[in-house]
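# Examination of the molecular architecture
Residues per chain are reported as follows:
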Amino acid sequence: MLSRRHFLGAGLAATTAVYATGAFVPAWAQNAPNLGTPTLPSPSYRRMKVGDVEVIALNDGITRRPLGEEFVKNAPLSEVRALLASQGLPTDYIDVPYTPFLVVAGARKILVDTGLGEFGGPTTGKLLDSLRAAGLQAADIDTILISHYHGDHINGIRNKAGALTFPKAKVMVPAAEHAFWMDDARMAAAPAGMKGAFENVRRTFASMPADSLVQFAAGGEIAPGIKSVAAYGHTPGHTLFELTSAGQTFFYVADLTNVPALFARNPDWAVTFDMDAEAARKVRREVFARITASNAMLGGFHFPFPAMGRMTASGAGYAFEPAAA
């Protein structure tokens, strides 16, 4: 079992935040204006067939943050910059995209994670626009699957007024994640820098109608053809989703890795947001090995748009190959 003290201590850097209208807004979700403005994808959605179902990547925006010593916790900044430069990427900042996914299976429309909603910087909160561009509305969503409780994954569930953004959706959450963040004793013991994350979870879930919030134990089928996969480390209950249809497989890997140009290429590097870096490192290697061995398609919340493609072996790590247009 991972201890409360381990997660609280390790996660402090990951949850440093500012507040906007009472909502927890991670500091990494704020743009750095002196570094320019990231270019958002157009169109902001991408469709992919997986067997008999459709998977749609829906960009929620991109934030740009300065690249400092803190971003990769266990590697010198010089090595981080060298790896970025070797891929033709900027070395003074990092662009962090946010991409929820929609599974369309017959009449079912299942949204996986919800983005920052109305609570992020000016280049975020684009999920509803992306959904409309794909020909859908918030009221079309019947199910929401949540991978974990960091604000960029749950803040889109409610608007600033507190109303549910997807009024007809049942929200399904990992039981281990819910238990951690809804624990009053953990919240009371949390350092000041983490209390906002606990409060944000309560803002999002505490008043949700009982018939709208469903907790699940990782490892089983939670919707037709969709299995939940425990991947604890990034957070205490961080969960992935494996979609199978007509012999084809798609993995949604959530925050298994942050920017893949760094943390897939070097799976042993730890991003500042991982609450248990060693557990996250271990599960990252296990899952990427499984995905590459099966040649399955995958999608990642912080992957460069279209945020879905394949992962291939590259040196001591892996390289993300985006799906062709």
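The text that follows walks through the structure, step by step, so that each part is easy to find. These figures come from a predicted structure and were not determined experimentally. Throughout, residues of each chain are indexed from 1 in the direction in which the sequence is written. In keeping with the predicted nature of the model, local features appear solely for residues at pLDDT of at least 70, side-chain atom pairs appear and are counted solely at 80 or more, and the whole-chain, interface and lining totals rest on all residues. In computing side-chain values, all of the structure's heavy atoms are included and hydrogens and water are not.

### Considering the overall build of the chain
By the criteria applied, helices consist of DSSP H or I runs no shorter than four residues and strands consist of E runs no shorter than two, each listed in order from the N terminus. Helix and strand counts for the chain stand at nine helices and 18 strands. Categorising residues by exposure relies on relative accessible area from a 1.4 Å probe, with only protein chains included: less than 20% of the type maximum marks a residue as buried, more than 50% marks it as exposed, and the intermediate range marks it as partly exposed. Relative to its full complement of 325 residues, the chain shows a buried share of 55%. For the chain, the proportion of contacts with a sequence separation of at least 24, taken over those separated by at least 6, is 70%. Just so you have it, the chain exposes about 12400 Å², and 54% of that area is on carbon and sulfur atoms. Residue contacts follow a heavy-atom distance rule, with two residues in contact if any of their heavy atoms lie within 4.5 Å. In this description, accessible areas are obtained by the Shrake-Rupley approach with a 1.4 Å probe, and a residue is regarded as covered only by the protein chains that are shown.

### Observations concerning the packing of aromatic side chains
Between rings of Phe, Tyr and Trp, where Trp is taken as its six-membered ring, a pair exists when centres lie within 6.5 Å; planes separated by under 30 degrees are stacked, by over 60 edge-to-face, and by other angles tilted. Evaluated as defined, the whole model comprises 13 aromatic pairs. Counting every residue linked through ring pairs, the aromatic cluster contains F101, F216, F241, F250 and Y252. The criterion is that NZ of a Lys, or CZ of an Arg, lies within 6 Å of the ring centre and within 35 degrees of the ring normal, and then a charge sits over that ring. When the ring centre of F119 is taken as origin, the NZ or CZ atom of R203, which lies over that ring, is 4.4 Å away.

### Quick word on the layout of surface pockets
Buried and open spaces are told apart on a 1 Å grid over the protein atoms alone, a cavity being a set of points where a 1.4 Å probe fits but cannot get out and a pocket being an open set with protein on both sides within 12 Å along at least five of seven lines. Residues with an atom within 4 Å of a point are the lining residues. Grid points are joined across faces, edges and corners, and a volume is the space filled by probe spheres set on the points. Empty space within the largest pocket amounts to approximately 410 Å³. Taken together, 22 residues form the lining of the largest pocket, with L89, D95, V259, A261 and P304 sitting closest to its centre. Every element with two or more residues in the lining of the largest pocket is listed here: β6 (93-98), α8 (260-263) and β18 (317-322). Sorting elements by how many residues they give to the lining of the largest pocket places β6 first, with four residues.

### Structural notes on the environment of R310
Tracing the sequence through the fold places R310 in strand β17 (residues 308-314). Separated by 13 residues in sequence, R310 and M297 have C-alpha atoms that sit 5.1 Å apart. Discounting residues that sit within four places of it in the chain, R310 has contacts with N295, A296, M297, L298, A319, F320 and E321. Polar contact criterion, stated in full: a pair of N or O atoms within 3.5 Å, where within protein one must be able to donate a hydrogen and the other to accept it, and residues adjacent in sequence count only if both atoms are side-chain atoms. At 2.3 Å, the side chain of R310 and the backbone oxygen of N295 are in polar contact.

### Comments concerning the pattern of salt bridges
Pairs can form between side chains of opposite charge once their charged atoms are near each other. The salt bridge definition used is simple: a Lys or Arg side-chain nitrogen within 4 Å of an Asp or Glu carboxyl oxygen. If you walk through the whole model with that rule in mind, you get twelve salt bridges. Several salt bridges converge on common partners, so that one network encompasses D268, E278, R281 and R285.

### Notes on the pairing of strand β4 (residues 53-58)
β4 sits mainly inside the fold: six of its six residues count as buried. The side-chain alternation of β4 yields two buried faces, one formed by V53, V55 and A57 and the other by E54, I56 and L58. For two strands to be treated as a pair, DSSP must find at least two bridges joining them. Relative to β4, strand β3 (residues 45-50) runs antiparallel, the two sharing six bridges. From the neighbouring strand, K49 faces β4, where its bridge partner is E54. Taking the residues between adjacent antiparallel strands as the criterion, β3 and β4 are bridged by two residues, where G51 takes a positive phi near 60°. The sheet contact formed by β4 and strand β7 (residues 101-105) spans four bridges and is antiparallel.

### A short note on the side chain of S212
Considering the arrangement of structural elements, one finds S212 in the loop between α7 (192-205) and β11 (213-216). Note on S212: relative accessible area 17%, which makes it buried. Apart from residues lying up to four places away in sequence, S212 is in contact with A169, K170 and V171.

### A look at the nonpolar core
Grouped together as the largest cluster of nonpolar side chains are 60 residues, with contacts concentrated most on F71, I226, F250, L262 and L298. Residues in contact with F250, not counting those within four places in the same chain, are M48, V50, V55, F101, F241, E242, L243, M297, L298, G299 and M308. Among the nonpolar cores identified, the runner-up in size contains 32 residues, and L111, L127, I157 and V171 belong to it. For this analysis, a nonpolar core means a set of buried residues of the types Ala, Val, Leu, Ile, Met, Phe, Trp, Tyr and Cys, connected via side-chain atoms within 4.5 Å.

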